[in-house]
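The residues making up each chain are set out below.
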Amino acid sequence: MVKVNVISLLGLGSLRCVAGSAINTLGMLEAPTLPKFLTNNPLPDGKPWGKLTSPVGSAPTTGVTRRYDFMFSRGVSSPDGFQKDSLLINGQSPGPLIHANWGDWIEITVHNNITNPDEGTALHWHGFLQHNTPWSDGVPSVSQCPIAPGSSYTYRIRAERPGTTWYHAHYSAQYAGGLYGPLVVYGPSHVDYDVDLGPIFVSDYFHREYFHIVADVVGTNATRWGQPSDNTMINARANFNCSLVTDGTPCHNNAGLSKFRFRKGKTYRLRLINSSAGGLVYFSIDNHTLQVVSADFVPIKPYNATYVTLNIGNRADVLVTAAGDKDAAFYMRATQPNYFPCARANQPNGTAIILYDSAAENSIPAENPHPIPVDTTCSNDPLNLTIPYYPEPLNRQPSVTRQIVATLLVNATGNQVYEMDNSSFHANYNNPLLPQANRGNLTFERQSNVYNFGSNQTVRIVFYNNNQAPHPMHLHGYDMTIVSLGPGQWDGTTVFRPDNPMRRDVQMLSPFSHLVVQFEANNPGVWAFHCHIAWHLSMGFYINVLVRPDEVRRMQIPSATKRGCDAWSKYTKDHTVQQIDDGA
Ligand code: C2O
């Protein structure tokens, strides 16, 4: 029994979500479908967003704060039957659904109970813009100190726009160890549908504990640099062939696939999220057409497709009309491209099962996969398919353009690292950058990789990827406008669809390619810009974008940030922190 809907029964103002159940129904037939909106506190016109019909402009004032309480701890989990030491949120992974209406505030208190060994932590809200709350962005060494073992920290964030996203730990590669979950914001929609099927995570899955994988990836033994994933999951469920286990780890076959129920004739909204550590995923449903309606937080002109591409961190909302027979069953597929250089997967084919009205729970569908072409650029779906529904023309005269070259190399100590303009990122947990900039100190350590854009209005960044690996680039605090992309050098003039360019928060920087992005610098702060492959991030593929330091200087950072740093500094006085990677 999932209890998160309890909040809709409570009154106005402060709402506490009871999300402590260790039983995770995600991917089970009893998982609740989602409402069109949470029904408390409707504004005039019967909806929480009142008369607003499009999710454009500033969010409505709802007067609601939704509260969640998260306990982080170690535990074991076996989502595919293989028993793994994991990191859990309230005893489960993925963590509980956070949901809210457009305009609500959300307060999440994280208790760090990760012990044996201890780890710091921090929680990030992927794609949340954090206007006026940059200190709640959840990047340790940037917006806060890590949450010290044994202490708690409360994030206060605003649901600034409707859509689908996820939250995940941003401390080392902890999210690959289990610290992530779904986050849905209800709001006006540009498309109609009958039933919201809720979040659907598609992801690779690694049987080894994240810390050991990171140690190998950033280590000096070249034979252990490339780490293949063990499985591919849909909503954190999959089967695994336990005869492959040779080290005696407990494992049971047929752990079970995720299942969904369709009613013939209804149209479903599926909220797809790629939460992988390393893999690109193609999503498809046998015998069905997807109508793709959003890309990350951006509503797009609906288009039909047989599959949709999700790089790590990407979301896609798709509508699917149930046109099969009432007793039919079909495979839903999460497929990793198991070819160089897009993914490295021992089991690249994830499946789940859609059961129609009267289909028996144990129905086995026929195999009828849609073909997916090989694409060694590992790119997102073509830009001419994904057209924002609400256009924002490109400003063709950026006030500053910065070129950044990413290089893969073996450094003097024999470790494999990424350098951005010859500097591999390294987090200084004890001196976060936003509070430092707020104190007026703009002299940063080289390894903090801070790019200070001053008071420039329109910032353009030209990324060059000088290596054979793909890099799904994720910018915090903004959607990136995609100015141009392609192999080799950018000619400096080619721009893509300037009257209505694509914008989103994760876009692939392909092997040996350029990616040109731009944003209007209207959100002062220090913002992460990094490759979302967890292992590449560990290797230093990370920069910070400092926007409007004069306004950062004037911010009133809540005292909780300072208290968090005091707790961390006290902790680090008598504990050694095992910072084996770049830290973020
Ligand atoms: Cu999904 Cu820097 O994060």
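The shown structure was predicted, so the numbers you read here are calculated from the model rather than taken from an experiment. (Residues numbered from 1 in each chain as written. Predicted model: local features only at pLDDT ≥ 70, side-chain atom pairs only at ≥ 80, totals over all residues. Heavy atoms only, no water.)

**Student:** It is not clear to me how the overall build of the protein should be interpreted in this structure. Could you clarify?
**Tutor:** Within the protein, the secondary structure is distributed over five helices and 31 strands. Taking 2.2 N^0.38 as the reference for a compact globule, 584 residues should give roughly 25 Å; the C-alpha atoms of the protein span a radius of gyration of 22 Å, in line with that estimate. For the protein, buried positions account for 61% of its 584 residues. A fraction of 79% describes how many contacts in the protein between residues 6 or more apart in sequence connect residues 24 or more apart. The average position of the 42 basic charges and that of the 44 acidic charges among the side chains of the protein differ by 6 Å. (Helix = DSSP H or I, 4+ residues; strand = E, 2+ residues; numbered from the N terminus. Rg over C-alpha atoms; globule rule 2.2 N^0.38 Å. Buried < 20%, exposed > 50% of the residue type's maximum accessible area, 1.4 Å probe, protein only. Contact = heavy atoms within 4.5 Å. Lys, Arg positive; Asp, Glu negative; His and termini not counted. Charge placed at Lys NZ, Arg CZ, Asp CG, Glu CD.)

**Student:** Hey, could you run me through the state of the cysteines in this one?
**Tutor:** Covalently bonding the sulfur atom of one cysteine to the sulfur atom of another cysteine gives a disulfide. The final tally for this structure, using the stated rule, is three disulfides. Bridging C145 to C565, the disulfide has an S-S length of 2.0 Å. Here the S-S torsion is close to 95°, and the disulfide linking C145 with C565 is therefore right-handed. Here C565 lies in helix α5 (residues 559-574) and C145 lies in the loop between β6 (123-125) and β7 (152-158), a separation of 420 residues in the sequence. Between the sulfur of C342 and that of C378 lies a disulfide, 2.2 Å long from S to S. Sign of the S-S torsion, about -85° for the bond between C342 and C378, identifies this disulfide as left-handed. Residue C342 is located in the loop between β19 (329-335) and β20 (349-356), and its partner C378 is located in the loop between β20 and β21 (400-410); the two are separated by 36 residues in the primary sequence. (Disulfide = S-S within 2.5 Å.)

**Student:** How should I be thinking about the pattern of salt bridges in this particular structure?
**Tutor:** Should the charged atoms of two oppositely charged side chains come close, the side chains can pair. Scanning the entire structure with this criterion turns up 20 salt bridges. The salt bridge involving R156 is made with E107; its shortest N-O contact spans 3.0 Å. Of the two residues, R156 is situated in strand β7 and E107 in strand β5 (residues 105-113); the sequence distance between them amounts to 49 residues. Classification of R156 by relative accessible area gives partly exposed; the value is 34%. The partner of R208 in a salt bridge is D216, with the nearest N and O atoms 3.0 Å apart. R208 gets classed as partly exposed once you look at its relative accessible area, which sits at 31%. (Salt bridge = Lys/Arg side-chain N within 4 Å of Asp/Glu carboxyl O.)

**Student:** In this structure, what is going on with the confidence of the model for the protein? I would like to understand it.
**Tutor:** Atom-level detail of predicted coordinates should not be read off regions where pLDDT is low. Looking at the protein, the pLDDT average stands at 95 and 96% of residues meet or exceed 70. The model gives residues 1-14 a pLDDT under 50, and that stretch makes 29 contacts with residues more than four places away or in other chains. Taken together, the stretch residues 16-22 has pLDDT below 50 and engages in 20 contacts with residues farther than four places along the chain or on a different chain. (pLDDT = per-residue confidence, 0-100.)

**Student:** Could you clarify how one ought to interpret the UniProt feature "domain: Plastocyanin-like" (unreviewed entry) in the protein in this entry?
**Tutor:** In the numbering used here, UniProt assigns the feature "domain: Plastocyanin-like" (unreviewed entry) to residues 78-188, 199-358 and 416-550. Along residues 78-188 one finds 0% helix and 39% strand; the C-alpha atoms at either end are 38 Å apart. Along residues 416-550, the helical share is 10% and the strand share 41%, with 37 Å between the first and last C-alpha atoms. (UniProt positions renumbered as here; feature names shortened; annotations may be inferred.)

**Student:** Would you mind going over the nonpolar core with me for this structure?
**Tutor:** Looking at soluble globular proteins, one finds that nonpolar side chains tend to be buried together. In terms of nonpolar packing, the biggest core is built from 122 residues, with L270 and W535 touching the most fellow members. If one sorts the elements of this core by residue count, strand β10 (residues 195-205) sits on top with six residues. When neighbours within four sequence positions are excluded, W535 is seen to be in contact with A173, A176, F206, Y210, I213, V214, V217, A277 and G278. (Core = buried A, V, L, I, M, F, W, Y, C linked by side-chain atoms within 4.5 Å.)

**Student:** Whenever I open this one, the sheet that holds strand β8 (residues 163-169) confuses me. Can you help?
**Tutor:** Two orientations exist for strands paired in a sheet by backbone hydrogen bonds: parallel and antiparallel. Pairing is mixed in the open sheet, where four strands are placed in the order β4-β9-β8-β6. Both edges of this open sheet fall to β4 (98-101) and β6, since each of them pairs with a single strand only. Across the sheet, the mean angle separating the axes of adjacent strands is 20° when strand polarity is ignored. Note that β8 and strand β9 (residues 180-186) share six bridges and pair antiparallel. Each bridged residue has a counterpart across the sheet, and for W166 the counterpart in β9 is P182. (Pairing = 2+ DSSP bridges. Axes fitted to C-alpha atoms, helices over the stretch in contact; angles between N-to-C directions.)

**Student:** Quick question: what am I supposed to make of helix α1 (residues 210-217) here?
**Tutor:** The periodicity of an α-helix, 3.6 residues per turn, causes residues three or four positions apart to be oriented the same way. Listing the buried residues of α1 in full gives Y210, I213, V214, D216 and V217. Buried residues of α1, viewed axially, fall in a sector of 160°; they line one side. In the core, the buried residues of α1 are packed alongside β3 (84-89), β22 (416-420) and α3 (534-538). (Arc of directions from axis to C-beta.)

**Student:** Please explain the sheet that holds strand β24 (residues 458-465) as it appears in this structure.
**Tutor:** Ordered by their spatial adjacency, six strands build an open sheet running β22-β21-β24-β29-β26-β27, and the pairing between neighbours is mixed. The outermost strands of the open sheet, each flanked by one partner alone, are β22 and β27 (503-504). When β21 meets β24, the two strands line up parallel, connected through seven bridges. Residue T401 lies in a different strand from β24, and its bridge partner there is R460.

**Student:** Looking at this structure, how should I read the pairing of strand β30 (residues 525-531)?
**Tutor:** Consecutive side chains along a regular strand alternate between the two faces of the sheet. Of all seven residues in β30, seven are buried, a share of seventy percent or more. Side chains G525, W527, F529 and C531 of β30 all project onto a buried face; the interleaved residues V526, A528 and H530 project onto the opposite face, where all are buried too. Alignment of strand β25 (residues 471-475) against β30, held across three bridges, turns out to be antiparallel. Across the sheet, the residue bridging to H474 is H530, located in β30. Sheet analysis places β30 next to strand β31 (residues 542-547), joined by six bridges and oriented antiparallel. By the bridge assignment, F529 is partnered in β31 with I543.

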